[in-house]
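Residue-level listing of the chains:
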Amino acid sequence: MKHASRAVHAGRGGKAGARTPLAPDLSPAAVHVYTDLDDYDAAATGERPGHYYGRNSNSNRKMLEDAVAELEGAEAGVATGSGMAALHVAILALAPKPVTIVATRELYGGTMSLLRQDLEPAGYEAHFVDVTDPDAVKAATNGAGLVLIETITNPLCRVPDIEAIAAMARDRGVPVLVDNTFASPVLCRPMELGATAVMHSATKYLGGHSDLVAGVVVGSTALMGAARSRAVRTGTTLGPFDAWLALRGIRTLEVRMRRHSDNSLALARAMRTVPGVAKVHHPLLEESPSFAVATRLLPQGAGGMMAFDLEGGRAAVQRMMSRLQLVAFAASLGGVETTISYPVITSHRGLTPEERAQLGVGAGTVRVSVGIEDAEDIVADFAQALGPG
Ligand SMILES: Cc1ncc(COP(=O)(O)O)c(C=O)c1O
């Protein structure tokens, strides 16, 4: 089956039988009834399939897990109550004891806080590197216990060479966890490039409609067994309705990602000529430092994320924001509607101005999650908001 068809059918477990619902029933049951002790025992040990208690498993969650695993080319998946919960169980499954974690220095702020505020006090050590610099990654990986990278960095949209990093880490016996939230399995499948496990904030593109919070991690059956046990013990597994919604979102993932990708590149190209815009960041612009890697690893498009720097800093961003008609300020991404975020007070608020400057995030940096509206409307809205008057 072609990948585009997979998103439509993944997780169904084969052809729908006669008189079965085409869309899955929502199963909110917290507990299932058993009439045979041996049968319950077999379900509880996993010898026989069967749901018995909602924190352990649920049919809607299972379908979502199977769907994302299938799309990413992994054996199994675990769905959690948020992307952060997926990251947490994934890290603990890959590195149950304190290790050095080599991570993208532009890491999503929540992930950085998890490393600094929860894992470092428990003995882990986070080592942040420029993951687009192969020598820096190589040097940091010697003696490390985990590499944690994002397919596309936030907010400047750089693309690390996942294939080269995974090969280098494999030689050193170090697992690689990839946060594939920005690309989705439609545009990039890190397991095929050598990653050990892949996670998503399903709140973003997988769900796609800004109406749920969820996370999914996928990998080998053994690794997902460890991740699932932790999610069950700590009570972070995903509820049925959000799982149902996320799966519904996935059905249109392929067409949405194509449109997001086309629109973001169109907007990035157009913004280059808008007065007041100092710099545009998109991995598929020829001037991007990631152009060559992105062209190779994201041949079907780079998704909906892009950023630009405005001359005039925060005041210029506020002026543009108050004049935008179609585009809203909202501190998330990956929905069908175009939104902007201001990293200084959203994703990167935990960093000092010096740390932000080192990453290239300034007072004029605006991140855009480009939606699926008509590209002409999106471009026109930014152009009028930044225009004279
Ligand atoms: C790249 C990335 N990873 C992980 C997360 C965390 O996901 P969630 O908010 O679903 O916990 C986010 C949220 O913005 C994100 O952008």
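Residues numbered from 1 in each chain as written. Predicted model: local features only at pLDDT ≥ 70, side-chain atom pairs only at ≥ 80, totals over all residues. Heavy atoms only, no water.

1. Examining the overall build of the protein
- Counting its secondary structure elements, the protein contains 15 helices and twelve strands.
- Considered along the principal axes of its C-alpha atoms, the protein spans approximately 75 × 50 × 35 Å.
- Every one of the 389 residues in the protein was classed for burial, and the buried ones make up 54%.
- Taking the contacts inside the protein whose residues are at least 6 apart along the sequence as the reference set, 73% of them involve residues at least 24 apart.
- Taken as a whole, the protein presents about 16,700 Å² of accessible surface, with 54% of it coming from carbon and sulfur.
- Each charge sign in the protein was given a centre, from 36 positive and 40 negative side chains, and these centres are 1 Å apart. (Helix = DSSP H or I, 4+ residues; strand = E, 2+ residues; numbered from the N terminus. Buried < 20%, exposed > 50% of the residue type's maximum accessible area, 1.4 Å probe, protein only. Contact = heavy atoms within 4.5 Å. Areas by Shrake-Rupley, 256 points an atom, 1.4 Å probe, with all protein chains shown as cover. Lys, Arg positive; Asp, Glu negative; His and termini not counted. Charge placed at Lys NZ, Arg CZ, Asp CG, Glu CD.)

2. Some remarks on the pattern of salt bridges
- Taken as a whole, this structure holds twelve salt bridges when the rule is applied.
- Across the pair Glu106 and Arg105 runs a salt bridge whose closest N-O atoms are separated by 3.6 Å.
- The exposure class assigned to Glu106 is buried, which follows from its relative accessible area of 6%.
- Measuring nitrogen to oxygen at the nearest pair gives 3.9 Å for the salt bridge that ties Asp130 to Arg105. Here Asp130 is found in the loop between β3 (125-129) and α6 (134-141), whereas its partner Arg105 is found in the loop between β2 (100-104) and α5 (109-119), with 25 residues between them in sequence. (Salt bridge = Lys/Arg side-chain N within 4 Å of Asp/Glu carboxyl O.)

3. Quick look at the state of the cysteines
- By the definition in use, this model includes zero disulfides.
- Here Cys157 is not disulfide-linked; the sulfur of Cys188 is the nearest cysteine sulfur, at 14 Å.
- On the basis of relative accessibility, which here comes to 1%, the residue Cys157 falls in the buried class. (Disulfide = S-S within 2.5 Å.)

4. Comments concerning helix α7 (residues 162-171)
- Taken together, the buried positions of α7 are Ile162, Ile165, Ala166, Met168 and Ala169. Down the axis of α7, the smallest arc covering the buried residues is 165 degrees, so these residues share one side. When the buried face of α7 is taken as reference, the exposed residues oriented beyond 90 degrees from it are Arg170 and Asp171.
- For α7, the secondary structure elements touched by its buried residues are α6, β4 (146-150), β5 (176-179) and α12 (291-297).
- Following α7 by one or two positions, Gly173 has its phi on the positive side, about 70 degrees. (Arc of directions from axis to C-beta.)

5. Overview of the nonpolar core
- In terms of nonpolar packing, the biggest core is built from 85 residues, with Met271, Phe308, Met320 and Phe382 touching the most fellow members.
- Not counting residues within four places of it along the chain, the set of residues in contact with Phe308 comprises Met271, Val277, Lys279, Val280, His281, Met320, Gly364, Thr365, Val366, Val368 and Phe382.
- In this structure, Val89, Ala103, Leu148 and Leu223 belong to the second largest nonpolar core, which totals 33 residues. (Core = buried A, V, L, I, M, F, W, Y, C linked by side-chain atoms within 4.5 Å.)

6. Points about the site of the ligand
- Surveying the vicinity of the ligand reveals the residues Ser82, Gly83, Met84, Tyr108, Asp179, Thr181, Phe182, Ser201, Thr203, Lys204, Ala214 and Leu333.
- The separation between an oxygen atom of the ligand and a polar main-chain atom of Gly83 is 2.9 Å.
- Residue Ser201 places a side-chain N or O atom 2.8 Å away from an oxygen atom belonging to the ligand.
- Relative to its unbound accessible surface of 390 Å², the ligand loses 90% to contact with the protein.
- Placement of the ligand is best described as lying within the second largest pocket.
- Residues that form the shell around the ligand fall into these classes: five nonpolar, five polar and two charged. (Near = heavy atom within 4 Å. Polar contact = N/O pair within 3.5 Å; in protein donor to acceptor, adjacent residues only side chain to side chain. 1 Å grid on protein atoms, 1.4 Å probe; cavity = no way out; pocket = protein on both sides within 12 Å on 5 of 7 lines; lining within 4 Å. Sits in = over half its atoms within 2 Å of the grid points. Nonpolar A, V, L, I, M, F, W, Y, C, P; charged D, E, K, R; others polar.)

7. Some remarks on the environment of Leu87
- As for its placement among the helices and strands, Leu87 is situated in helix α4 (residues 83-94).
- A sequence separation of 80 residues divides Leu87 from Ala167, and the C-alpha atoms of the two residues are 22 Å apart.
- Discounting chain neighbours no more than four positions away, the residues touching Leu87 are Thr111, Leu114, Leu148, Leu177, Asp179 and Met199.

8. Observations regarding the side chain of His51
- Position of His51 among the secondary structure elements: in the loop between α2 (37-45) and α3 (59-72).
- Polar contacts involving the side chain of His51 include one to the side chain of Ser57, which spans 2.7 Å.
- Excluding anything up to four places from it in sequence, His51 contacts His32, Tyr34, Ser57, Asn58, Ser59 and Lys62.

9. Let's talk about the sheet that holds β2
- Strand order in this open sheet of seven strands is β1-β7-β6-β5-β4-β2-β3, and the pairing throughout is mixed. Two strands close off the open sheet at either side, each with one partner strand: β1 (76-80) and β3. The average undirected angle you get between the axes of adjacent strands in this sheet is 20 degrees.
- In the sheet, strand β6 (residues 197-201) pairs with strand β7 (residues 215-219) via four bridges, with the strands oriented antiparallel. In the strand pairing of β7, Met199 is matched with Val217.
- Here α3 sits on the sheet and contacts β1, β6 and β7; the angle it forms with β1, its principal contact strand, is near 130 degrees.
- Sitting on the sheet, α4 touches β1, β2, β4, β5, β6 and β7, and the angle it makes with β6 is about 165 degrees. (Pairing = 2+ DSSP bridges. Axes fitted to C-alpha atoms, helices over the stretch in contact; angles between N-to-C directions.)

10. Describing the layout of surface pockets
- In this structure, the largest pocket spans a volume of roughly 600 Å³.
- Every residue lining the largest pocket is counted, 25 residues in all, and those nearest its centre are Gly46, Gly50, Ser57, Lys62 and Arg228.
- Looking at which element gives the most residues to the lining of the largest pocket, the answer is helix α9 (residues 221-234), with five residues.
- Its residues assigned to classes, the lining of the largest pocket shows seven nonpolar, ten polar and eight charged.
- Of the volumes computed, that of the second largest pocket is approximately 400 Å³.
- At the level of elements, α4 and β6 are the ones that each hand at least two residues to the lining of the second largest pocket.
- Sorting elements by how many residues they give to the lining of the second largest pocket places α4 first, with three residues.
- Tallied by class, residues from the lining of the second largest pocket come to nine nonpolar, ten polar and four charged. (Points joined across faces, edges and corners; volume = space filled by probe spheres on them.)

Interpretation in functional terms is not warranted from these geometric data alone.
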